[in-house]
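Chain and residue survey
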Amino acid sequence: MVYLSILRITSNISAKMYLAISVTIVFLLQFSAISETYASEPLEDFPFLISCEYKGMHHAFYFSKLDSDGVATYINPSRLAGTISVGGTAKTLGEPIGGSCLGKTLEQLRASGQAHDLRR
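Positions within a chain are numbered from 1, following the residues in the order the chain's sequence is written. The predicted origin of the model limits local features to residues at a pLDDT of at least 70 and limits the giving and counting of side-chain atom pairs to 80 or more, whereas totals for whole chains, interfaces and linings rest on all residues. Values shown for side chains rest on all heavy atoms present in the structure; no hydrogens or waters enter the calculation.

Let us now look at the state of the cysteines. Throughout, disulfides are identified as pairs of cysteine sulfur atoms within 2.5 Å of each other. Counted according to the given criterion, the structure contains one disulfide. Covalent S-S linkage joins Cys52 and Cys101, the inter-sulfur distance amounting to 1.7 Å. Looking down the S-S bond of the Cys52 and Cys101 bridge, the torsion is -105°, so its handedness is left-handed. Of this pair, Cys52 sits in strand E1 (residues 49-54) while Cys101 sits in the loop between strand E5 (91-93) and helix H2 (106-111), placing them 49 residues apart in sequence. Burial status follows relative accessibility: with a 1.4 Å probe on protein chains alone, a residue under 20% of its type maximum counts as buried, one over 50% as exposed, and anything between as partly exposed. On the accessibility criterion, Cys52 (9% relative accessible area) is buried. Per the convention used, a helix needs a DSSP run of H or I reaching at least four residues, while a strand needs a run of E reaching at least two, with both numbered from the N terminus.

Okay, here's the thing in structure tokens:
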């Protein structure tokens, strides 16, 4: 009799534990799929580095962030910054500067060898 009670308790705990583990696994799998999707998109659409010439000096602008509206911000160690979108052209932020990147699209930057991806 006592033996049957213990079996019922352990079987109930096992069923509850099995359900909890199953729900947790399903949740984590969905979360990991979502995070992989968002993590890989910016690297696929935007280069990691854009190199530009400005006043005879070469500057390296690094991918900094991607806004919800699809505009990527690039910044260099001198704190010069610019933005670009997939279908738009390169624009400056803050100080109005020119340079060899200004007004170019991502396709033009890639074609001129100024856009550099992390892929090998």
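What follows covers the sheet that holds strand E6 (residues 115-116). A pair of strands is treated as paired once DSSP finds two or more bridges between them. Taken together, the six strands give an open sheet; going across it, the order is E5-E4-E3-E2-E1-E6, and neighbouring strands pair in antiparallel fashion. Of all strands in the sheet, those bounded by a partner on one side alone are E5 and E6. Across three bridges, the pairing between strand E4 (residues 81-85) and E5 is antiparallel. Bridged to Thr83 within E5 is Lys91.

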